[in-house]
Amino acid sequence: AGRFARAWAGLAMNRVTGYMPRAAARADAGSWMTAQTARWIGITAFFVFALTGGGRVVGSDEVTMLELSSAMLRGGIAVPVGATLDGPDGRHYTKNHAGQAVLALPLAAVAEAAAGALPLTEQRRVLAVRFAVSFFNAAVTALLLAVFYLTIRALGVAAPGAFDATLMLGFTTPLWVYAKTFAAEPLQALGLLLALSGAARAALGETRQAWWAGLGVLIAVSAKLSMLPLALACLLPLTMARPITWPIPALMLLVALAGHALYNQARFGTVLETGYGAQATLAAYSTPLMTGLHGLLISSGKGVMWFAPALWLAIPGGIALARAGAAHARMGLALAIACAATLALYAKFEHWAGDGSFGPRYLVPLLPLAFIPVAFFIHDAGRWRRALMTLFATPGRAVQ
């Protein structure tokens, strides 16, 4: 109770310090309280995600991703037959990229060690490992919310609006649902957010943030190669950074691409084979553009505007973002390009709906970016804006 009281005290201090504190002492206090609030947002969110999680890994891609982590612990990358492809050596390999499996290695190692120490049958040992690893995305998504809060506070959004926007992102969008899976979308979302946040803050003069931008690019592109154009769009604000800081993200990008090349070579004997076969060619983009756009945006079955209703507030929020300054306008342009690139990439894809997944799975990595304009809309919100916020947040929570 005391810890939660201190967390809310931090939020209260942020309410006092407001938009942009003038005195250095107040700025330091506000920065410390912002960090404290972000920390407790992350901790609280993790427990909510964990308590509402399923404690299981069941999707075919998720299972093979976990099996890849287990194989890596034993010095290999071949997995049991399932959602797999046969390599030239006759063994089976997952088509998924290895980024998430690598990051989940510590948790998988602890889970296997703990399960091996218990008197369990082989079947129950497998279920126990899946139970432990199923909380990986709870931690990733909780960290994402903390980073989101820090980002929008650094961009000038007042504490009440930043806090509300963070809660809406975490609990009125499909991020909440994907936090209970072992899918790669939350990790992709975290990477893109770090890339955009680091680039935008570097453009505002915080040159050390370029390292965070580079880390974001490394995470996003390693988790899924198709995140490459989106990650590059997120780095657009770096063109305004002085001194020039782009070599750091460029180096991280090269590391991610090198990782893909080595992984492909180890699986299929060539750096050009990704495992997606025909889905990695133009032949897979057979859906009429308007059909895919309608389906991803506003269809009743997969439309992101209904699965995350608060995104409607991003439309007026984009105008507020553009008026906040040149650096903010450049970030808004990066957001627009990233959204356009994602829609162009997936609207024509033959499986644009993400198969049997919840909501528009391919748009989930964009949710934190799209909520930045939402935060600017409800910054220092008056009564009518708060009424709109409640109007869209309530059904969003019900949908999840």
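Residues numbered from 1 in each chain as written. Predicted model: local features only at pLDDT ≥ 70, side-chain atom pairs only at ≥ 80, totals over all residues. Heavy atoms only, no water.

Turning to the pattern of salt bridges, a few remarks are in order. What the rule picks out here adds up to 6 salt bridges. Here Arg 125 makes a salt bridge to Glu 122, at a shortest N to O gap of 2.9 Å. Placement of the pair is Arg 125 and Glu 122 together in helix H6 (residues 122-133), with a separation of 3 residues, close to one helical turn. The partner of Arg 201 in a salt bridge is Glu 206, and the shortest N-O contact between them spans 3.0 Å. (Salt bridge = Lys/Arg side-chain N within 4 Å of Asp/Glu carboxyl O. Helix = DSSP H or I, 4+ residues; strand = E, 2+ residues; numbered from the N terminus.)

This next bit is on the packing of helix H3 (residues 60-73) against helix H5 (residues 105-116). The contact between H3 and H5 brings their axes to 9 Å, and the two run at 80°. For the element pair H3 / H5, the angle class is roughly perpendicular. Facing Ser 69, Ser 70, Met 72 and Leu 73 of H3, the residues of H5 in contact are Leu 105, Ala 108, Ala 109 and Glu 112. Partitioning the contact of H3 with H5 into residue classes produces 5 nonpolar, 2 polar and 1 charged. (Axes fitted to C-alpha atoms, helices over the stretch in contact; angles between N-to-C directions. Parallel < 35°, antiparallel > 145°, perpendicular 65-115°, else oblique. Contact = heavy atoms within 4.5 Å. Nonpolar A, V, L, I, M, F, W, Y, C, P; charged D, E, K, R; others polar.)

Within the secondary structure, Ser 222 is located in helix H11 (residues 209-223). Once residues lying within four places of it in the same chain are set aside, the contact partners of Ser 222 are His 97, Ala 98, Gly 99, Val 217, Ala 256 and His 260.

If you trace the backbone, Arg 201 turns up in helix H10 (residues 185-203). Residues in contact with Arg 201, not counting those within four places in the same chain, are Leu 150, Ala 154, Glu 206 and Gln 209.

Attention now goes to H11. Under the 1.5 Å per step criterion, the end-to-end length of H11 is 21 Å for 15 residues, consistent within 8% with the ideal 21 Å. In terms of residue burial, H11 counts as a mostly covered element, since 11 of its 15 residues are buried. Taken residue by residue, H11 has Gln 209, Ala 210, Ala 213, Gly 214, Gly 216, Val 217, Ile 219, Ala 220, Val 221, Ser 222 and Ala 223 as its buried positions. (Expected span 1.5 Å × (residues − 1). Buried < 20%, exposed > 50% of the residue type's maximum accessible area, 1.4 Å probe, protein only.)

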